[in-house]
Number of protein chains: 2
Amino acid sequence: MSEPQRVSQAALQSFIYNCLVAEDIPPDDAAVVSRLMAEADVNGSDGHGVFRLAQYIERIQAGGMNRRPQLTVVSERAAMALVDGDNGLGHLAVNRAVEIAMEKAATTGVAWAGTRMSNHAGPAGLYARMPLRKDMIGIYMAVGNANHLPPWGGTDMLLSTNPIAVAVPTKSETPIVLDMATTVAAYGKVKTKAQRGEPMPEGWMIDRMGQPLTDPQRADEGFLLPIGGPKGYGLALIFGLLAGTLNGAAFGKAVIDFNADSKSTTNTGQMIIAVSVEAFCDVDAFKEAVDQVIVDIRSSPTLPGFDSIRLPGERAHSVRLDNEARGIPVHGALLEKLHVLADSLGVERLL
Amino acid sequence: MSEPQRVSQAALQSFIYNCLVAEDIPPDDAAVVSRLMAEADVNGSDGHGVFRLAQYIERIQAGGMNRRPQLTVVSERAAMALVDGDNGLGHLAVNRAVEIAMEKAATTGVAWAGTRMSNHAGPAGLYARMPLRKDMIGIYMAVGNANHLPPWGGTDMLLSTNPIAVAVPTKSETPIVLDMATTVAAYGKVKTKAQRGEPMPEGWMIDRMGQPLTDPQRADEGFLLPIGGPKGYGLALIFGLLAGTLNGAAFGKAVIDFNADSKSTTNTGQMIIAVSVEAFCDVDAFKEAVDQVIVDIRSSPTLPGFDSIRLPGERAHSVRLDNEARGIPVHGALLEKLHVLADSLGVERLL
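Brief notes about the overall build of chain A
Next up, step 1: What chain A contains, in helices and strands, is 11 helices and 12 strands.
Next up, step 2: Its C-alpha atoms give chain A a radius of gyration of 20 Å, near enough to 20 Å, the size a compact globule of 351 residues would have.
Next up, step 3: Looking at chain A as a whole, 57% of its 351 residues qualify as buried.
Next up, step 4: Taking contacts inside chain A between residues at least 6 apart in sequence as the whole, the part at least 24 apart equals 63%.

What about the domain arrangement of chain A?
All names here are of chain A.
Next up, step 1: Partitioning chain A into domains gives domain 1 (1-61 + 314-351) and domain 2 (70-183 + 226-299).
Next up, step 2: Taking the mean C-alpha position of each, domain 1 and domain 2 sit 23 Å from one another.
Next up, step 3: On the domain 2 side, the residues contacting the 18 residues of domain 1 number 12 residues.
Next up, step 4: Element by element, the count of residues in the side of domain 1 that touches domain 2 is highest for helix 2 (residues 27-42), at 7 residues.
Next up, step 5: Here the residues of the side of domain 1 that touches domain 2 sort into 7 nonpolar, 5 polar and 6 charged.

Side note on the nonpolar core
Next up, step 1: By size, the foremost hydrophobic cluster in this structure holds 238 residues, and its most contacted members are Ala101 of chain A together with Ala101 of chain B.
Next up, step 2: Aside from chain neighbours lying at most four places away, what touches Ala101 of chain A is Ala111, Trp112, Ala113, Ile272, Ile273 and Ala274 of chain A.

Section: the relation of the copies chain B and chain A
Next up, step 1: Rotating chain B by 180° and translating it 0.0 Å along the rotation axis places it on chain A, where the RMSD comes to 0.0 Å. Such a combination of rotation and displacement between the chain copies is what one expects of a two-fold axis.
Next up, step 2: When the interface residues of chain B are mapped onto chain A, 100% of them again fall at the interface, so both copies present the same face.

Quick word on the environment of His339 of chain A
Residues and elements named next belong to chain A.
Next up, step 1: On the secondary structure map, His339 appears in helix 11 (residues 332-345).
Next up, step 2: The class for His339 is partly exposed, based on 13 C-beta atoms found within 10 Å.
Next up, step 3: A C-alpha to C-alpha distance of 43 Å links His339 and Gly154, two positions 185 residues apart in sequence.

Quick look at the sheet that holds strand 11 (residues 268-276) of chain A
Residues and elements named next belong to chain A.
Next up, step 1: If you trace the 7 strands from one edge of the open sheet to the other, you get 2-3-4-11-5-6-7, paired in mixed fashion. Looking at the sheet topology across the chains shown, the edges are occupied by strand 2 (72-77) and strand 7 (176-180). Geometrically, the sheet is characterised by an average inter-axis angle of 10° between neighbouring strands, direction not taken into account.
Next up, step 2: Both strand 2 and strand 3 (residues 80-84) contribute to a ladder of 5 bridges, which runs antiparallel. Bridging across to strand 3, Arg77 finds its partner in Met80.
Next up, step 3: Relative to the sheet, helix 4 (residues 90-108) contacts strand 3, strand 4 (110-118), strand 5 (136-142) and strand 11, its axis offset from that of strand 4 by approximately 165°.

What about helix 4 (residues 90-108) of chain B?
All names here are of chain B.
Next up, step 1: Over its 19 residues, helix 4 runs 26 Å from end to end, which matches the ideal 27 Å to within 8%, given 1.5 Å per residue.
Next up, step 2: Within helix 4, 15 of the 19 residues are buried, which leaves the element mostly enclosed by the surrounding structure.
Next up, step 3: With its phi angle positive at about 95°, Gly109 sits one or two positions after the end of helix 4.

Side note on the interface of chain B and chain A
Next up, step 1: Of the residues lining the interface, 62 residues belong to chain B; the matching set on chain A comes to 62 residues.
Next up, step 2: Broken down by class, the residue content of the side of chain B that touches chain A amounts to 38 nonpolar, 19 polar and 5 charged.

Quick notes on unusual backbone geometry
Residues and elements named next belong to chain B.
Next up, step 1: One non-glycine residue, Met117, lies in the positive phi region at around 50°.
Next up, step 2: Within the fold, Met117 resides in strand 4 (residues 110-118).
Next up, step 3: Given 26 C-beta atoms within a 10 Å radius, Met117 is considered buried.
Next up, step 4: A positive phi is found at Asp135, a non-glycine position, where the angle reads about 55°.
Next up, step 5: Counting through the fold element by element, Asp135 comes out in the loop between helix 5 (124-129) and strand 5 (136-142).
Next up, step 6: Note on Asp135: 15 C-beta atoms within 10 Å, which makes it partly exposed.

Focus: the environment of Thr108 of chain A
Next up, step 1: Checked against the element boundaries, Thr108 of chain A lands in helix 4.
Next up, step 2: For Thr108 of chain A, a count of 26 C-beta atoms within 10 Å gives the class buried.

Here's the deal with the packing of helix 2 (residues 27-42) of chain B against helix 4 of chain B
All names here are of chain B.
Next up, step 1: Closest axis-to-axis distance for the helix 2/helix 4 pair is 9 Å, and the angle between their directions is 85°. By the angle between their axes, helix 2 is roughly perpendicular relative to helix 4. Contacts from Asp29, Val32, Val33 and Leu36 of helix 2 reach helix 4 at His91, Leu92 and Asn95.
Next up, step 2: Across the contact of helix 2 with helix 4, the residue classes break down as 4 nonpolar, 2 polar and 1 charged.

Things to note about the sheet that holds strand 4 of chain B
Residues and elements named next belong to chain B.
Next up, step 1: Spatially, 2-3-4-11-5-6-7 is the arrangement adopted by the 7 strands of the open sheet, whose pairing is mixed. In this open sheet, the two edge strands, each paired with only one partner strand, are strand 2 (72-77) and strand 7 (176-180). Going across the sheet, the axis of each strand differs from the next one's by a mean of 10°, ignoring polarity.
Next up, step 2: Bridging between strand 4 and strand 11 (residues 268-276) involves 7 bridges; their strand directions are antiparallel. Following the sheet pairing, Thr115 is matched in strand 11 by Gln270.

Observations regarding the pairing of strand 6 (residues 164-168) of chain A
All names here are of chain A.
Next up, step 1: Along strand 6, 5 of the 5 residues are buried, which leaves the element largely enclosed by surrounding structure.
Next up, step 2: Alternating residues of strand 6 divide into Ile164, Val166 and Val168 and Ala165 and Ala167, and every residue in both groups is buried.
Next up, step 3: Across 4 bridges, strand 5 lies against strand 6 in antiparallel orientation. Paired with Gly138 across the two strands is Ala167, which belongs to strand 6.
Next up, step 4: For strand 6 and strand 7, the ladder comprises 5 bridges, and the chain directions are antiparallel.

Some points on the packing of helix 1 (residues 9-22) of chain B against helix 2 of chain B
All names here are of chain B.
Next up, step 1: Contact geometry of helix 1 with helix 2 gives a least axis separation of 8 Å together with a crossing angle of 140°. For the element pair helix 1 / helix 2, the angle class is oblique. Of the two possible hands of crossing, helix 1 and helix 2 adopt the one that is right-handed. Of the residues in helix 2, those touching helix 1 at Gln9, Leu12, Gln13, Ile16, Tyr17, Leu20 and Val21 are Pro27, Ala30, Ala31, Val33, Ser34, Arg35, Met37, Ala38, Asp41 and Val42.
Next up, step 2: Considering only residue class, the contact of helix 1 with helix 2 consists of 12 nonpolar, 3 polar and 2 charged.

The rules behind each value
Residues numbered from 1 in each chain as written. Chains lettered and ligands numbered in written order. Predicted model: local features only at pLDDT ≥ 70, side-chain atom pairs only at ≥ 80, totals over all residues. Helix = DSSP H or I, 4+ residues; strand = E, 2+ residues; numbered from the N terminus. Rg over C-alpha atoms; globule rule 2.2 N^0.38 Å. Buried ≥ 20, exposed ≤ 12 C-beta atoms within 10 Å, placed from the backbone. Contact = placed C-beta atoms within 7 Å. Domains from an automatic or database assignment. Nonpolar A, V, L, I, M, F, W, Y, C, P; charged D, E, K, R; others polar. Core = buried A, V, L, I, M, F, W, Y, C linked by C-beta atoms within 7 Å. Least-squares fit on C-alpha atoms with pLDDT ≥ 70 in both. Pairing = 2+ DSSP bridges. Axes fitted to C-alpha atoms, helices over the stretch in contact; angles between N-to-C directions. Expected span 1.5 Å × (residues − 1). Parallel < 35°, antiparallel > 145°, perpendicular 65-115°, else oblique. Left-handed = near helix turned anticlockwise from the far one by under 90°.

Here is the structure:
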C-alpha cells in the first residue's frame, strides 16, 4: 500500500463544506458538520470523519436523509432536553444537544440531552470532548447504526456495538477521553482485517455454533462478542435504552443497517450528559487530583510485554499532534473515492 | 456443606436493627441501614447484606466508622447535590443521595447526587433500583473498598472493581437491573473458589508475569483482569473519577483496603443519577417499548449450550421470589458468626 497523502485540517474541512453545500445543504449546517467531521479526522478517528462523506451524500441523494432539517426541542426541563433532528445529518442534532446540555449544566450543575430522528454523527469521543472547554465532564452514548451483536447466548443480532465516551478535564495532563464500543472489536476492525487478508484473533467473533470465527471473510456468518460476555451485552442493552428508547429513537429490531440501506429513515438516538465540575468543587483542585491519578497510574511498573501504561485518550492526543504538524493522512483508495465524489458534485478535488 | 437455614426478611431486618442499636447506632439510622441490608439479602446479593454486619460492627468498634454521623449537603444546584456522610455507615449517605436525586429529578427531569466521607454501602443494584418506584431510571457508580486491579499493562493495584448499576422500569416484565463489576470476576468469587478448593477459570486473574493464575490460594500473587482488557480498565478509571475524585472522595492510591484495615477513614465515594422518564415521554409508552425490547431479546434463538436468553436483573428477581416464599438462606458458617456477634452485643440470636 502506498504512503497516504496528507492534508491540513483546514483544507479537509473546506472540501467537506464544499461538497455538502454543492449537495444543497444550507451553508450554516455545512459549516457545523464539516468542522466536526474534520475534527474527527484530526483526532485519528479515521473511520468516522471524511471516510463517511460519500455515504452521507449517497443517503441524502437516495432520500434517506433530510437536506434541510428543522431541529426542534420536543421535551424540556431545567436539566434535560430532547432534540428532534428532523432526519438531518446527525452532527447537527448531537451538536445542538451538547450545546443545550452545557448551557443548562452551567446553572443546574448537571444536564442531560437526548436526540431522536438523528443520524450517524461520527465518533463518540468528539461529543464527549466538547464540554471540556467549559471545565465540564462529558458523557456520551449512542445507538450504533447496524446490529452486529446478539444478546448473550443468542443468535438474533438485536444490538449494535453501542458506544460510550467519557471526557474528564485535567490541569497539565492530556484530558482523559475514554471512547469505546461495548464489543471486543468494533465492526470496522473486522473490515480492516478482511481488506488486509489477515485473520482475526480469537475472541473477536463467534459463528452460529458458538465456535471462534477468525476468518474475516466469513464475518457475515457470525457475530461480534461483547466485552466481558454477559456484562458487555448488558452495557450495550443499557446504552441502547438510554440513547434510543428513552428518546423515542430506534433500538433493537427497529435499527436500520445504514450500510445496507440508504433510503429508510434511521431514527438514530444519542445522548449527552454535561457535568459542571464547578458545581461540585474547586475546579483547579479537581484537575490537580485527576492529574495525580494519571501520574500514579503512569508510574506503575509494567507487566512483561508492556513498555508503558497508557491513559484513555493518550493515543488520540498523540495522533492529533502528529496530524496537526504533518497533516491528516488520506489513503489512496479513500482519496480516489473523494475525487469521484468531488467530480460528481462539481467541486474542486481535495488534492 | 449442610443446607442453609432460612429466615424471613423481617426477622433478618430486626436482627440487624437490634445489633446496630446495641452498638449505639441511633434507632432512626439503624432502621434505614437494617432495611437496606435485608433488602440486599432478599435480592440475593449475599456477599453484601448481613454477611457484612460483623465487619461493620468491628469497624465501628475500632474507631474507623462514626456511630452518630451528621449528614450534610456540602454543594447543591438545581440538578445536583454532594452529600458528606460524616464517616457513618455508607447506607445512610447513599440513601440520602438517592432521595435527593429523585426529589430534584421530579422537577428538573434529571439529577445527580454524589457522596464523600461515606463507607461500604452494599450492592450497587440496591440503589439503582430505588428510583424505579417513581418511574425513574437509576444509574449508580461506586469506588470499591479495596484495590485489586492494576491499570492495563501494569502491576500497581491502583483500581478497584468499581461497579456500575443501572435500573430501567418496565410495564409487565421484570425491571432491567444491570449490576456489574468492571472486572471479569468480582473478588468475592475468587474467595468463594478458594473456600471450595476449586480452580478459577483462565481469564479471571493473572500473576505478576502476566501469566494466567488459576489457583485461588495464590490470589494475592496476582491481579483481577478487567472486562475487555483496556476497556474495562478505562471504565474502572472513569467510574472512580465520577464517584470518587469528583466528590472529593478517595480514589486510586488513597483507597483504604477495608478488609485489612478497620481503623482508617475510608472516605468512600458513590454517585447516583435519577432520570425521570416522564420528562422525556409518556411513561406507559416507554415501559411498553422496554417490554418489547425484552420480548424480542428473549425470543432470540439460542447458541448451543444455552437454554434461554437472560435479561439483566432476571436472576436477582427469581432469587427474590424464592427468598420471599421460603426465607433468605443463611449458611452455617455465617450463622455461627452471627451468633458470636449477637452474644457479644447481648442481642437475641437470629435463629
